[in-house]
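# What the coordinates show
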Amino acid sequence: MNIPCTLTSGWVIALALMHRVQMGVIFVQMFYLQLAGKYISLEGRWKSLNPCFYCDFDRCGVVHALGTYVTESTTLSNIYPLRHRIRGIPRLVLATATARDGGAILVFGRRVERSSALGKGGNNMMKQHHKLTLFLCLTWTITLLYGEMVAFWIPTLRSCTWPSSSSMDGVDGYDKVAVIADPQIMDKTSLHLPPKSLALEVAQFFTDLYMRRAFFASILPFKPDVILFLGDHFDGGPYLSDEEWQESLNRFKHIFGLKSQARFRDIRVHFLPGNHDNGYAALLSHKPEIVRRYEKEFGKRNYRFTVGKVEFIVVDAQTLDGYPEGNLAAATWDFVKNVSIDFQLLPRVLLTHIPLYRRDETPCGPHRSSPIINQRIVRTGHSQEILYQNYITEESSNRLLDLIKPVLVLSGHDHDQCTVSHESNHEHIKEHTVGTISWQQGNLYPSFRLLSASNSALLNMSNLEEAVLTRLCFLPMQTHIYIGYLLLFIVTLVTLLFWPTGGVNFGCHCSDFLAHGKQLFKVGTKEKTEDENCEYEMVWDAEGSMHLVRKATNTPITRAKDTSGTMERGNAVMRHTAKKGNAQEVEISMNVDDPMTNLPPRTSKSTAKFIIHRLVRMFRMLTVIAVVNIPLYMMLLFKDWIDQ
C-alpha cells in the first residue's frame, strides 16, 4: 500500500502481542486493484468507505491508527467507519470492521495534519489556500471600492435631495445653492509639526483628498447654481508668510477646482471671511496687509448678492465687536446700516462666519455630535479688543437682526451642526450653523447644506419662509472608513495565520452541531452515546450479502475509571448470527484505554517548524492580496487627486 504506515503497523503488532490476540492479514478490494497496477489515492480509499468519514479526512488530514484489536484471522468483507466521539477521549474516531466468520476489528484513530507529500491531498490543500486568498482579495477590493469611491456617491444617490415646496412649483421654482463651511486647509500651524515634515505632508494629502472627493463626488453632482463658502478657507491664514499663504491658496483652488474657469462657467462662487483667514479685530487692526491680501484674492469682506428672488447679505463678523472707533468695525456697521435703509421686498439671508449669540447650553438639535460650545470671549489687556470669541455678542446680534431683518441666518465657525431660533421684533428667525467639510477639524460627521432660493416673485409676505429652504447633507465618515480598513487587516492576518491547513468544511458537521444542541437542551436525562447499550447483528441474505443491524440490549454496560481520573474505559459488544445456517454466537468484550495519553509530546523543534511554516504561508498569501489591492488603492487615490 502506498501509505507511510510503519509506525502504525508497529503499534498494531505491539498491541496484539500485549493482549495475546491472533494477528492476521486483511485483504480488501483496493489491495487487489493496486496489485493489478491501478493507483488508488488516499482520499479514494477513505471515500470508498463512507462519504462523511471522507469529508472529515479531507478537512482534518490523515487518520493514524493508534490501536487495533483482532479477534480472528479472516478475510475482511465489510468496513463500517463510524463518525463517533467516545466520551472522555477527545478527537477520536471509531471505525469498526467485521468479517464473515465473526471476526471483529476496532480501530481508534487520531486526526492529525496531513503532509503535503500525500499526492492529491496536497493539491486539495493548495486549492483551499487559493480559495481563501481569492476570497480575501475580493473582500479587500470591495472594501476599497466602497471606502474610496462608492461612499462619496451616497449623498447624491440616496440620502440627500434639494428641498422644495409644492406651492412653489417644486424644484424648478428655486435656484440651487450649495453651502460649504470651514475647510481650513492644513498648514504648519495645524498639528504643531515641523514644516515640510513627512507626517505633515501625509496629513495634508489625505485631508485635501477627502475634501476634493467630497466636493466633486458628493456636492457637484447636485448641479448647484451657486456655491457659497462660509469662511475659514485656511487654518493659519494670518500667521502665514506671503509665500506660504500663496501655497495654501493653490491647494484650496486645487481641492475645489477653482483653477479651471471652464468648470465653473455656469456656477457662481461666493466667499465669506473667517477668523482663520484674517483673524479677529485685535489682529486686523495691527496687520492691515492681511486684509488687503484677502480682498485681492477673494473680493470684498462685506457685500450683498441676489440668487433668484432672495437677497444674501455677507458680513465680516470678526469686526462687529471690534473697537468702535476702528476703521474695520466702522466700515462693517456702515455697510449694515446702508442695507437696512435700502429695504426691498425680497427676503434676506444673513451670512456670518461667527454664529449669533445664544444662551449657554442652548440645544442645537438632533444632528449635533459634539458637546455644545458656550460663549467665550478673550480680549486684550489694554485696548480690550477681541482676541477670540465663540459667538457674536448679544448686543451686536440683536442689532444685526433688527437692521437686516433676515428670514434665515447661515453661519460656520463651530465645526458642528447646530440649529437655533432667535427672536427679533416678535418674529422667530432660524439660524443654521453649518458643520465643517473636513474630517480633520474635530467633527466625525462632516457635512454641507443644500439651499433652495425661490426664483419667483412672492405675492404676499406670509410665505417668506418658503422662499428659502435648506437641507443638511452628511458626508462619508472618513475616520470610520480607516477604522474599517484596520479591522479588516487584523482579521486578514488572524485568518491567514490560524486557518486550518486542510480548510474548513461546515457541511459535514451540521449533524454533530445539531446533536450537540439537542443534548444541551435535554433536562433530567442521562447522556448516551450512539453505541451505548446496543448489539450489532450481522444478517446474511440469500445472495450472500451481509447487513449490519444494531439492536438494543438489556445487559448494562459497566464503565470504570481509574484512580487518577485521567482516562475512561468503555466496553464494545458485538455479536453476529449464524453464517448461512450456522447458529453460533460470539460475544466480544474488551476494555480500551485512552490512546491519547500514550502519544509522544510535540517537540520544540517540530513546534518551531510548524510556526515557521504558518508564518511563511501567511506572508505568501498576504503578498498576493497586497499585489492585487495596493495598485487598486493607489489608482483610486490619484484618480481623484489629478486634475482631469
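Described below are features of the structure shown in this document. (Residues numbered from 1 in each chain as written. Predicted model: local features only at pLDDT ≥ 70, side-chain atom pairs only at ≥ 80, totals over all residues. Heavy atoms only, no water.)

## Considerations on the overall build of the protein chain
Across its full length, the protein chain holds 16 helices and 19 strands. For the protein chain, long-range pairs separated by at least 24 residues make up 70% of all intrachain contacts whose partners lie at least 6 apart in sequence. (Helix = DSSP H or I, 4+ residues; strand = E, 2+ residues; numbered from the N terminus. Contact = heavy atoms within 4.5 Å.)

## Topic: the state of the cysteines
Counted by the stated rule, this structure contains 2 disulfides. Across a sulfur-sulfur distance of 1.5 Å, Cys 160 and Cys 473 are joined as a disulfide pair. On the sign convention where negative is left-handed, the bridge of Cys 160 and Cys 473, at about -45 degrees about the S-S bond, is left-handed. Highlighted residues: Cys 160 in the loop between helix H6 (154-159) and strand S5 (174-180) and Cys 473 in strand S17 (residues 468-474), separated in sequence by 313 residues. (Disulfide = S-S within 2.5 Å.)

## Quick look at the packing of helix H14 (residues 478-498) against helix H16 (residues 604-641)
Each pair of packed helices can be described by the angle between their axes along with the distance between the axes. Contact geometry for H14 and H16: axes closest at 8 Å, N-to-C directions at 135 degrees. Comparing their axes, H16 and H14 come out oblique. Where H14 crosses over H16, the handedness of that crossing is right-handed. Only Arg 614, Leu 615, Arg 617, Met 618, Met 621, Leu 622 and Ile 625 of H16 make contact with H14, whose side of the interface consists of Thr 492, Leu 493, Leu 496, Leu 497 and Phe 498. Grouping the constituent residues of the contact of H14 with H16 by class yields 9 nonpolar, 1 polar and 2 charged. (Axes fitted to C-alpha atoms, helices over the stretch in contact; angles between N-to-C directions. Parallel < 35°, antiparallel > 145°, perpendicular 65-115°, else oblique. Left-handed = near helix turned anticlockwise from the far one by under 90°. Nonpolar A, V, L, I, M, F, W, Y, C, P; charged D, E, K, R; others polar.)

## A few points about the pairing of strand S14 (residues 418-424)
Only one face of S14 is covered, namely the face carrying Cys 418, Val 420, His 422 and Ser 424; the face carrying Thr 419, Ser 421 and Glu 423 is uncovered. Direction of pairing for S14 relative to strand S15 (residues 427-433): antiparallel, over a ladder of 7 bridges. Following the sheet pairing, Val 420 is matched in S15 by Glu 431. Hairpin geometry of S14 and S15 is characterised by an intervening segment of 2 residues between the two adjacent antiparallel strands and by a positive phi of about 55 degrees at Asn 425. (Buried < 20%, exposed > 50% of the residue type's maximum accessible area, 1.4 Å probe, protein only. Pairing = 2+ DSSP bridges.)

## Observations regarding a nonpolar patch on the surface
A contiguous nonpolar surface patch, about 680 Å² in accessible area, is contributed by Ile 483, Leu 486, Leu 487, Phe 489, Ile 490, Val 494 and Phe 498. Looking at the element boundaries, Val 494 is found in helix H14. (Patch = residues over 30% accessible without salt bridge, like charges linked within 9 Å, V, L, I, M, F, W, Y side chains within 5 Å. Areas by Shrake-Rupley, 256 points an atom, 1.4 Å probe, with all protein chains shown as cover. Salt bridge = Lys/Arg side-chain N within 4 Å of Asp/Glu carboxyl O.)

## Focus: the sheet that holds strand S7 (residues 268-271)
Spatially, the 5 strands line up as an open sheet ordered S7-S6-S5-S16-S17, and their pairing is mixed. Looking at the sheet topology across the chains shown, the edges are occupied by S7 and S17. Geometrically, the sheet is characterised by an average inter-axis angle of 20 degrees between neighbouring strands, direction not taken into account. As paired elements, S5 and strand S6 (residues 226-229) share 4 bridges and run parallel to each other. Note on S6: the bridge partner recorded for Val 177 is Val 226.

## Comments concerning the sheet that holds strand S13 (residues 408-411)
Sheet architecture is open: 6 strands sit in the order S8-S9-S10-S13-S15-S14, paired in mixed fashion. The sheet is open, and its two edges are formed by strand S8 (303-307) and S14, each paired on a single side. Averaged over all adjacent pairs, the angle separating strand axes in this sheet is 25 degrees, with direction ignored. Direction of pairing for S13 relative to S15: parallel, over a ladder of 4 bridges. In the sheet register, Leu 410 faces S15, and the bridge partner there is His 432. Lying on the sheet, helix H12 (residues 327-341) is in contact with S8, strand S9 (310-315) and strand S10 (348-352); it crosses S9 at an angle near 165 degrees. Each of S9, S10, S13, S14 and S15 is contacted by helix H13 (residues 394-404), which is oriented at about 150 degrees to S10, the strand it contacts most.

## Some remarks on the nonpolar core
By size, the foremost hydrophobic cluster in this structure holds 34 residues, and its most contacted members are Ile 180, Phe 215, Ile 227, Phe 252, Phe 256 and Phe 298. Of all elements in the fold, only S5, helix H7 (198-219), S6, helix H8 (242-255), helix H11 (288-298) and strand S16 (447-454) reach the threshold of two or more residues within this core. No other element matches H7, which puts 5 residues into this core. Those residues in contact with Phe 215 that lie beyond four places of it in its chain are Ile 180, Leu 220, Pro 221, Ile 227, Ile 255, Phe 256 and Phe 264. Judged by nonpolar contacts, the second largest core, of 22 residues, contains Ala 181, Leu 230, Val 314 and Ala 467. (Core = buried A, V, L, I, M, F, W, Y, C linked by side-chain atoms within 4.5 Å.)

## Re the packing of aromatic side chains
What the rule picks out here adds up to 25 aromatic pairs. Joined through ring pairs, the aromatic side chains of Phe 215, Phe 216, Phe 229, Phe 234, Trp 245, Phe 252, Phe 256, Phe 271, Tyr 294 and Phe 298 make up one cluster. Residue placement shows Arg 399 over the ring face of Trp 333; its charged tip is 4.1 Å from the ring centre. (Phe/Tyr/Trp six-rings, centres within 6.5 Å; stacked < 30°, edge-to-face > 60°. Lys NZ or Arg CZ within 6 Å of the ring centre and 35° of its normal.)

## Details of the pattern of salt bridges
If you walk through the whole model with that rule in mind, you get 15 salt bridges. Across the salt bridge formed by Glu 295 and Arg 301, the nearest N and O atoms sit 3.0 Å from each other. A relative accessible area of 7% places Arg 301 in the buried class. A salt bridge links Arg 301 to Asp 316; its shortest N-O distance comes to 2.5 Å. Of this pair, Arg 301 sits in the loop between H11 and S8 while Asp 316 sits in the loop between S9 and H12, and the two are 15 residues apart along the sequence. Salt bridges sharing partners connect three or more residues here, namely Glu 148, Arg 213, Lys 639 and Asp 640.

## Regarding the environment of Leu 136
Tracing the backbone shows Leu 136 in helix H5 (residues 120-148). Along the chain, Leu 136 and Thr 492 lie 356 residues apart, while their C-alpha atoms are 7.2 Å from each other. Once residues within four sequence positions are removed from consideration, Leu 136 is found in contact with Thr 492, Leu 496 and Ile 625.

## A look at unusual backbone geometry
The backbone of His 192 sits at a positive phi, close to 60 degrees, despite the residue not being glycine. Relative to the helices and strands, His 192 is located in the loop between S5 and H7. Positioned with a positive phi, Lys 405 is a non-glycine residue whose angle comes to about 55 degrees. Among the structural elements, Lys 405 can be located in the loop between H13 and S13. For Lys 405, a relative accessible area of 45% translates into the label partly exposed.

## Observations concerning H8
Note on helix geometry: an α-helix contains 3.6 residues per turn, so any two residues three or four positions apart are oriented the same way. If you check H8, its first and last C-alpha atoms are 20 Å apart, about what 14 residues at 1.5 Å a residue would give, namely 20 Å. Listed in full, the buried residues belonging to H8 are Trp 245, Ser 248, Leu 249, Arg 251, Phe 252, His 254 and Ile 255. Those residues of H8 hidden inside the fold are in contact with H7, S6, S7, H11 and H16. Phi turns positive one or two residues past the end of H8, at Gly 257, with a value near 65 degrees. (Expected span 1.5 Å × (residues − 1).)

## Describing the environment of Ser 369
One can find Ser 369 in the loop between S10 and strand S11 (377-379). Overall, the relative accessible area of 40% leaves Ser 369 in the partly exposed class. Separated by 47 residues in sequence, Ser 369 and Asp 416 have C-alpha atoms that sit 7.2 Å apart. Excluding residues that lie within four positions of it along the chain, Ser 369 makes contacts with Asp 416, Asn 443 and Tyr 445. Of the polar contacts made by the side chain of Ser 369, one reaches the side chain of Asn 443; its length is 3.3 Å. (Polar contact = N/O pair within 3.5 Å; in protein donor to acceptor, adjacent residues only side chain to side chain.)

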